[in-house]
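# Results of the structural survey
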Amino acid sequence: MGVLDHLSKFCTVTSIRRRRKPMQTVELKVRLDCDGCERRVKHAVSSMKGVKSCDVIRKQNKVVVTGYVTAKKVMKRVRSVGKKAELWPYVQVNLVAYPYAAGVYDKKAPAGFVRNVPQAAASPSNPHEKLASFFSDENPNGCSIM
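In this convention, every chain numbers its residues from 1, walking through the sequence in written order. Local features in this predicted model are restricted to residues whose pLDDT is 70 or higher, and side-chain atom pairs enter the listing and the counts only when it is 80 or higher, whereas totals over whole chains, interfaces and linings include all residues. As a convention, hydrogens and water are excluded, and side-chain values are obtained from all of the structure's heavy atoms.

All right, on to the state of the cysteines then. When the sulfur atoms of two cysteines come within 2.5 Å, that pair is taken as a disulfide. Counted by the stated rule, this structure contains zero disulfides. In this structure C34 is not part of a disulfide, and its nearest cysteine sulfur, from C37, lies 3.5 Å away.

This next bit is on the nonpolar core. Among the nonpolar cores identified, the biggest contains 18 residues, and L28, V30, V63 and V65 are the most heavily contacted of them. Labels follow the DSSP assignment, with helices taken as runs of H or I lasting at least four residues and strands as runs of E lasting at least two, numbered in each case from the N terminus. Put simply, the parts of the chain that give this core at least two residues each are β1 (24-30), α2 (35-46), β2 (51-57), β3 (62-67) and α3 (71-80). Residues belong to one nonpolar core when they are buried, are Ala, Val, Leu, Ile, Met, Phe, Trp, Tyr or Cys, and are joined through side-chain atoms within 4.5 Å. When a residue's accessible area, from a 1.4 Å probe over protein chains only, is under 20% of the maximum for its type it is buried; when over 50% it is exposed; and in between it is partly exposed. Judged by nonpolar contacts, the second largest core, of five residues, contains V91, V96, V104 and V117.

Those residues of α3 lying buried are V74, M75 and V78. Around the axis of α3, the buried residues are gathered within 100 degrees of arc, so they sit on the same side. Among the exposed residues of α3, those oriented more than 90 degrees off its buried face are K72, K76 and S80. The elements touched by buried residues of α3 are β1, α2, β3 and β4 (85-87). One or two positions beyond α3, positive phi appears at G82, with a value near 110 degrees. Directions are taken from the helix axis to each C-beta atom, and the arc is the one they span. Residue contacts are defined here by distance: any two heavy atoms, one from each residue, within 4.5 Å place the two residues in contact.

Turning next to the sheet that holds β4. Two strands qualify as a pair provided DSSP detects at least 2 bridges between them. With antiparallel pairing, four strands are arranged side by side in an open sheet as β2-β3-β1-β4. Each edge of the open sheet is held by one strand with a lone partner, namely β2 and β4. With strand direction ignored, the average angle separating the axes of adjacent strands in the sheet is 25 degrees. In this analysis an axis means a line fitted to C-alpha atoms, helices contributing only their contacting stretch, and an angle means the value between N-to-C directions, from 0 to 180 degrees. Relative to β2, α2 is tilted by about 165 degrees, and along the sheet it contacts β1, β2 and β3.

Any two rings among Phe, Tyr and Trp, with Trp reduced to its six-membered ring, count as a pair given centres within 6.5 Å; such a pair is stacked if its planes are under 30 degrees apart, edge-to-face if over 60, and tilted if neither. Applying the stated rule across the entire model yields two aromatic pairs. Here the aromatic rings of W88 and Y90 are separated by 5.2 Å at their centres, their planes lie at 80 degrees, and the arrangement is edge-to-face. We classify W88 as buried; its relative accessible area is 11%. An aromatic cluster is defined as three or more aromatic residues linked by ring pairs; in this entry it consists of W88, Y90 and F113. Geometrically, a lysine NZ or arginine CZ counts as sitting over a ring once it is within 6 Å of the ring centre and also within 35 degrees of the ring normal. Taking the ring centre of W88 as reference, the NZ or CZ of K62 above it sits at 4.7 Å.

Moving on, we come to the pairing of β2. Pairing geometry for β2 and β3, over six bridges, is antiparallel. Across the sheet, I57 pairs through a bridge with K62, a residue of β3. Connecting β2 to the next strand, β3, in antiparallel fashion are four residues, including N61 with a positive phi near 55 degrees.

The next thing to look at is the confidence of the model for the protein chain. In this model, the protein chain carries a mean pLDDT of 79, and residues with pLDDT of at least 70 account for 68%. Of all the helices and strands in the protein chain, helix α4 (residues 127-134) carries the lowest mean pLDDT, 59, while β3 carries the highest, 94. Note: pLDDT gives the predictor's confidence per residue, expressed from 0 to 100.

With that settled, the discussion passes to the pattern of salt bridges. A pairing counts as a salt bridge when a side-chain nitrogen of Lys or Arg comes within 4 Å of a carboxyl oxygen of Asp or Glu. On inspection of all chains with the given rule, the structure shows five salt bridges. Between R31 and D33 there is a salt bridge, with its nearest N and O atoms 3.2 Å apart. The salt bridge partner of D33 is K83, with a shortest N-O separation of 3.9 Å. Note that D33 is positioned in the loop between β1 and α2 and K83 in the loop between α3 and β4, a separation of 50 residues in sequence. Judged by relative accessible area, D33 falls into the partly exposed class, the value being 47%. Classification of K83 as buried rests on a relative accessible area of 15%. Because the salt bridges share partners, they merge into one network encompassing R31, D33 and K83.

Structure (C-alpha cells):
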C-alpha cells in the first residue's frame with residue numbers, strides 16, 4: 001500500500017468547486033407599455049444563464065423570474081433594456097393586518113394588493129392578536145373547548 005499511496009499524491013486532481021446559487025423566484029415591478037416592451041424584457045431575462053422560467057404579467061406590470069439567479073443581476077439585465085425596475089413592493093390585501101394604515105394603501109397597486117410596509121403588520125405584543133391566536137387552529141397549545 002505504500003507505493004499506491006505515494007503514487008496517488010502525484011495523481012490527485014484538486015479543483016475548486018463553485019457553490020451553486022440557490023433556486024429562487026425574483027419578482028420585479030417593471031413599467032410595461034406595449035407588446036414590444038414585454039417581448040424585449042422577456043427575451044433579455046430568459047436569455048440569462050440559470051433562468052428556468054420567465055413570466056411577464058403586463059396587466060400588473062410584474063415580471064416573475066425563477067431560476068439560479070440573483071435579484072441584482074435580473075434587475076441589471078432589465079435596466080439594460082431601458083426599463084426602470086424595482087423589487088415587487090406589494091403583498092396581497094388578505095395577508096396584511098391593517099391594509100389602510102398610512103403609507104400602505106397605494107392607488108397604483110394592482111387590484112387586491114397593497115404596499116409591504118412594517119406599519120401594516122400586526123405586532124405580536126398586541127393583546128387582540130394574542131387572544132385571536134389563542135383560539136386559532138394553527139396554535140398547537142390553543143384551547144380546544146367546543
